[in-house]
Amino acid sequence: MTPALTVIISAPDKLIWKGSAHSVSSTNSQGPFDILPMHSNFISIILDKPIKIRSDEGMKEYSF
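Residues numbered from 1 in each chain as written. Predicted model: local features only at pLDDT ≥ 70, side-chain atom pairs only at ≥ 80, totals over all residues. Heavy atoms only, no water.

Side note on the overall build of the protein
Quick note on the threshold: Put simply, DSSP marks the helices as runs of H or I at least four residues long and the strands as runs of E at least two long, and each gets a number from the N terminus on. Between the two quantities, the radius of gyration covers C-alpha atoms and the globule rule is 2.2 Å times the number of residues to the power 0.38. Exposure categories follow from relative accessible area, calculated using a 1.4 Å probe and restricted to protein chains: below 20% of the type maximum is buried, above 50% is exposed, and the middle band is partly exposed. The contact definition used throughout considers only heavy atoms, calling two residues in contact when any of these lie within 4.5 Å. We get accessible surface area from the Shrake-Rupley algorithm with a probe of 1.4 Å; when it comes to residues, only the shown protein chains can shield them. The positive count covers Lys and Arg only, the negative count covers Asp and Glu only, and His and the chain ends enter neither. In this description, the location of a charge corresponds to atom NZ of lysine, CZ of arginine, CG of aspartate or CD of glutamate.
Within the protein one finds zero helices and six strands. Across the protein, helices and strands are ordered from the amino to the carboxyl terminus as β-β-β-β-β-β. Since a compact globule built from 64 residues should have a radius of gyration of about 11 Å, the 11 Å found for the protein is in line with a globular shape. The principal-axis extents of the C-alpha atoms in the protein amount to approximately 30 × 25 × 20 Å. Buried positions account for 30% of the 64 residues belonging to the protein. When contacts within the protein are restricted to residue pairs at least 6 apart in sequence, those whose partners lie at least 24 apart make up 35%. When the accessible surface of the protein is totalled, it reaches about 4,900 Å², and 53% of it is carbon and sulfur. Averaging the coordinates of the 6 positive side-chain charges in the protein and doing the same for the 6 negative ones gives two points 1 Å apart.

What to know about the sheet that holds strand β6 (residues 58–62)
To be explicit about the condition: The pairing criterion is simple: DSSP has to find at least two bridges between the two strands. What counts as an axis is a line fitted to C-alpha atoms, over the stretch in contact for a helix, and the angles between N-to-C directions run from 0 to 180 degrees.
Strand order in the open sheet made by the four strands is β4-β3-β5-β6, with antiparallel pairing throughout. Both edges of this open sheet fall to β4 (31–35) and β6, since each of them pairs with a single strand only. The average angle at which neighbouring strand axes cross in this sheet is 15°, direction not considered. Inspection of the sheet shows strand β5 (residues 51–55) paired to β6 by five bridges, in the antiparallel sense. Bridge pairing links I53 to K60 in β6.

Written out as structure tokens, the structure is:
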């Protein structure tokens, strides 16, 4: 399966991760969400919740 998302995770002072992914999951102030191929552009502020990225390399989780 070829990744269809270009994902950029950044903090105010640095780039945390950038790459291709199959999906991104996390939780924002409105609740849990998943971003999948063919979604519209999506920008969210995420505080104190893990961000899960699924790509050809497997699943990576980032916590802040």
